[in-house]
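What the coordinates show
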Amino acid sequence: MRKQLPPDMLARDSRFVRTSIMDQVMDPRNQKIGERDLGSARLQPERPAAADRARNLMHGIFTGEIQALEGAGRTTFDFDDDEAPFALKLDMARQCWDESRHVEISVKLGDWMGTEIGEYSEAVFLYEAACAPDPVLRLCGVNRALEGLAIDVFNTMKEFGDSSGDPVLEFCEDWMLADEVTHVKMGSDWLRRMTKDDPERLEKALEFQRTVDKLFSLGGFRGETEDNPIQLARNFRSMAGFSTDEIDEIAELAAQAKRDAEALVAGSS
Amino acid sequence: MSVTLIPAEFTLVKFDADEVRAIIDRTIAEVSFPADVDVTIEVDEVLPHPLTASVVEIVDGAAKLWFTGGCFESPQRQTGLSPDNTRVELGAGLLRAKDRLVGGFENAPADEELDERQRTIWDAYAEGRLAALGYPVRVQRRRYTFRLYGGFNDLADAEFERLWSGASLTWDELATMADALAEADTRPERKKSIRKESLRRIAPV
């Protein structure tokens, strides 16, 4: 079996349609939307089109879980024991079990909300962050950045379930959120252990995480203002082991990503 | 009857206006829309999927339907047209316009004055009829929206099944159903969603 599987070789059946972040960032409607006062972008039941926005996000969670499974799965296989300790691979294998359960839960939540598999396009930027050749970078890209984003998304969906009174959604998101906190903590612990005598490698890994976190902010998708559909979940990130400084840094990266996207759209028009 | 599509050509999305006009003509025929009523379909192409919203009004005997571009957009291909979604959204809008003209909803308030629960009941009533006509509607999608605004409880589920299985309805009956759902909804008031904003209100005229 091939090691270091590129994103275009991920196994998908004919239901899935691939898209790229650039398709979204360069959409000619973005600037026009920016000129309108649409009010809060937060995902709340009282906002317009809340049901379809929630279904869309739920499908994004579903494909994200598939890619998280693929990312953790690759780490169990891509590295020899001298590159990544066997105990780390065991943790990644346990994470695979969690992620596959999350995929199943997400499919059932999609059924509950009336969403079909493949109804929405899939971007594979999550998996792309899991293709780093250094296992320490993988820990930062997958366990701290990707799973950190998962904490923010699950918390947003959990709050949506709570505020809409949907008992199924709130319950399922809460359980998956608990797993994600564990995954982030696992990544943080392994990052410390594997770089304790190598500060240069640690800094390189954290720099990679900053890049990925900015990418995962998706030009304003995540942040801490009313303009951000996904809110940074400070409390759960803190439980997962992120320091306040680290969370502040992610918040700033998210704000910067929004400014960059706005400048990109303005420059292209 | 005259049928007008606004805009005549799309510039921000990759919708073929001729294809949209063909879908409109086909849908008008399939829902047996009154032949003597002029129809205007306005699409706000700035608002993307999943920002789905529509408004139906009768002005001087003519039907005016407004949709976000997201109603017609393919969720799989950004800025691309989804013929199936377009048929369903147009069909539901035309049925609601027909209801206002000759279907027992002549006394219904304007769309923007409906609360979310009333609107959700009406949408389910319209899509249930489209399902009977063989349109590609998805019952679970509509059921979820119905629960979101009608309540996650047995009464809401029973009323939804009644609507979906072909019950006929007037505005007065719809208003009664909305009141009954509100009565049965045990969620705190803040969870009984009443939409305050309208996407159309912020759109340029």
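Please refer to the structure placed before this passage.
Here the structure is a predicted model, which means the values were calculated and not measured.

Residues lying three or four places apart along an α-helix face the same way, a consequence of the helix completing one turn every 3.6 residues. All names here are of chain A. Here helix α8 (residues 199–216) contains 18 residues, and its C-alpha end-to-end distance of 25 Å stays within 8% of the 26 Å for a straight helix at 1.5 Å per residue. Among all positions in α8, only A205, L206, Q209, V212, D213 and F216 are buried. Along α8, the residues classed as buried sweep out an arc of 120° about the axis, all on the same side. Facing away from the buried side of α8, by more than 90 degrees, are the exposed residues E200 and K204.

What follows concerns the side chain of Q67 of chain A. Structurally, the position occupied by Q67 of chain A is in helix α3 (residues 50–78). Excluding residues within four positions of it along the chain, Q67 of chain A makes contact with R12, E122, A123, V124, F125, L126 and Y127 of chain A.

To continue, consider the interface of chain B and chain A. Contacts between the two partners involve 38 residues from chain B, matched on the other side by 41 residues from chain A. There are five salt bridges connecting chain B and chain A. For the pair chain B and chain A, the number of links is eleven residue pairs in polar contact (both at pLDDT 80 or more). In terms of residue count, helix α5 (residues 139–150) of chain B provides more of the side of chain B that touches chain A than any other element does, seven residues in total.

Residue and element names in this part refer to chain B. In terms of strand pairing, strand β1 (residues 3–6) meets strand β2 (residues 39–44) through four bridges, oriented parallel. Across the sheet, V3 pairs through a bridge with V39, a residue of β2. As a crossover connection, the stretch from β1 through helix α1 (residues 17–30) into β2 is left-handed.

The rules behind these values
- Residues numbered from 1 in each chain as written.
- Chains lettered and ligands numbered in written order.
- Predicted model: local features only at pLDDT ≥ 70, side-chain atom pairs only at ≥ 80, totals over all residues.
- Heavy atoms only, no water.
- Helix = DSSP H or I, 4+ residues; strand = E, 2+ residues; numbered from the N terminus.
- Expected span 1.5 Å × (residues − 1).
- Buried < 20%, exposed > 50% of the residue type's maximum accessible area, 1.4 Å probe, protein only.
- Arc of directions from axis to C-beta.
- Contact = heavy atoms within 4.5 Å.
- Salt bridge = Lys/Arg side-chain N within 4 Å of Asp/Glu carboxyl O.
- Polar contact = N/O pair within 3.5 Å; in protein donor to acceptor, adjacent residues only side chain to side chain.
- Pairing = 2+ DSSP bridges.
- Right-handed = clockwise from strand over helix to strand, strands pointing away.

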